[in-house]
Amino acid sequence: RFVELFTGRFADAAEAGIPNFLQCSYAQALRRAKADHKLLMVYVHHEKESGMDDMCRAILCSPDVVSFLNTHWLVFGVSASSPEGRRVTAALRTWGRPMLCTLVHRNNTTVCIDRIP
């Protein structure tokens, strides 16, 4: 559902489109990143926070970011207000807004190697 909402809200304004968000559960995204040997960028969207739309348009939908993410990474997005979004936020132990986290599978575990905030 997140992908449909994000696409509907930002695709028209984005010059280069939007990141190719995986359309699966968080657990499936983790398994795919492990199988594909790719970094996984997790984006938790907070609809009610001021500035979120501007951040999405200016950063997540910028041509350079879209090209880089779609070429080199897997991207998973989720709404913070959804049950899965709350689970992802708790699993990553972050409650900042917006939340971007880079995950990599290393030594039989998934590790957050960078996050904003």
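Whenever I open this one, the nonpolar core confuses me. Can you help?
A general tendency of soluble globular proteins is for nonpolar side chains to be buried together. Counting 17 residues, the largest nonpolar core has F6, F21, M41, Y43, C56 and L60 as the members making the most contacts within it. Elements supplying a minimum of two residues to this core: α1 (2-10), β1 (40-45) and α3 (52-60). Residue contacts for C56: discarding those within four places in its chain leaves F6, F10, Y43, H45 and C61. Core analysis: the second largest hydrophobic core is formed by 16 residues, V42, V78, L92 and M99 among them.

How should I be thinking about the sheet that holds strand β2 (residues 74-79) in this particular structure?
In a beta sheet, neighbouring strands pair by backbone hydrogen bonds and run either parallel or antiparallel. Within the open sheet, the four strands sit side by side as β2-β1-β3-β4. Their pairing is mixed. Strands with a single pairing partner mark the edges of an open sheet, and in this sheet they are β2 and β4 (109-116). Here the average twist between neighbouring strands, direction ignored, is 25 degrees. The pairing of strand β3 (residues 99-106) with β4 spans seven bridges and is antiparallel. The partner of L103 across the bridge, within β4, is C112. Packed onto the sheet, α1 meets β1 and β2 and runs at close to 75 degrees relative to β1. Sitting on the sheet, α3 is in contact with β1 and β3, with an inclination near 155 degrees to β1.

What counts as what
- Residues numbered from 1 in each chain as written.
- Predicted model: local features only at pLDDT ≥ 70, side-chain atom pairs only at ≥ 80, totals over all residues.
- Heavy atoms only, no water.
- Core = buried A, V, L, I, M, F, W, Y, C linked by side-chain atoms within 4.5 Å.
- Buried < 20%, exposed > 50% of the residue type's maximum accessible area, 1.4 Å probe, protein only.
- Helix = DSSP H or I, 4+ residues; strand = E, 2+ residues; numbered from the N terminus.
- Contact = heavy atoms within 4.5 Å.
- Pairing = 2+ DSSP bridges.
- Axes fitted to C-alpha atoms, helices over the stretch in contact; angles between N-to-C directions.

The quantities given are spatial measurements derived from coordinates; they are silent on function.
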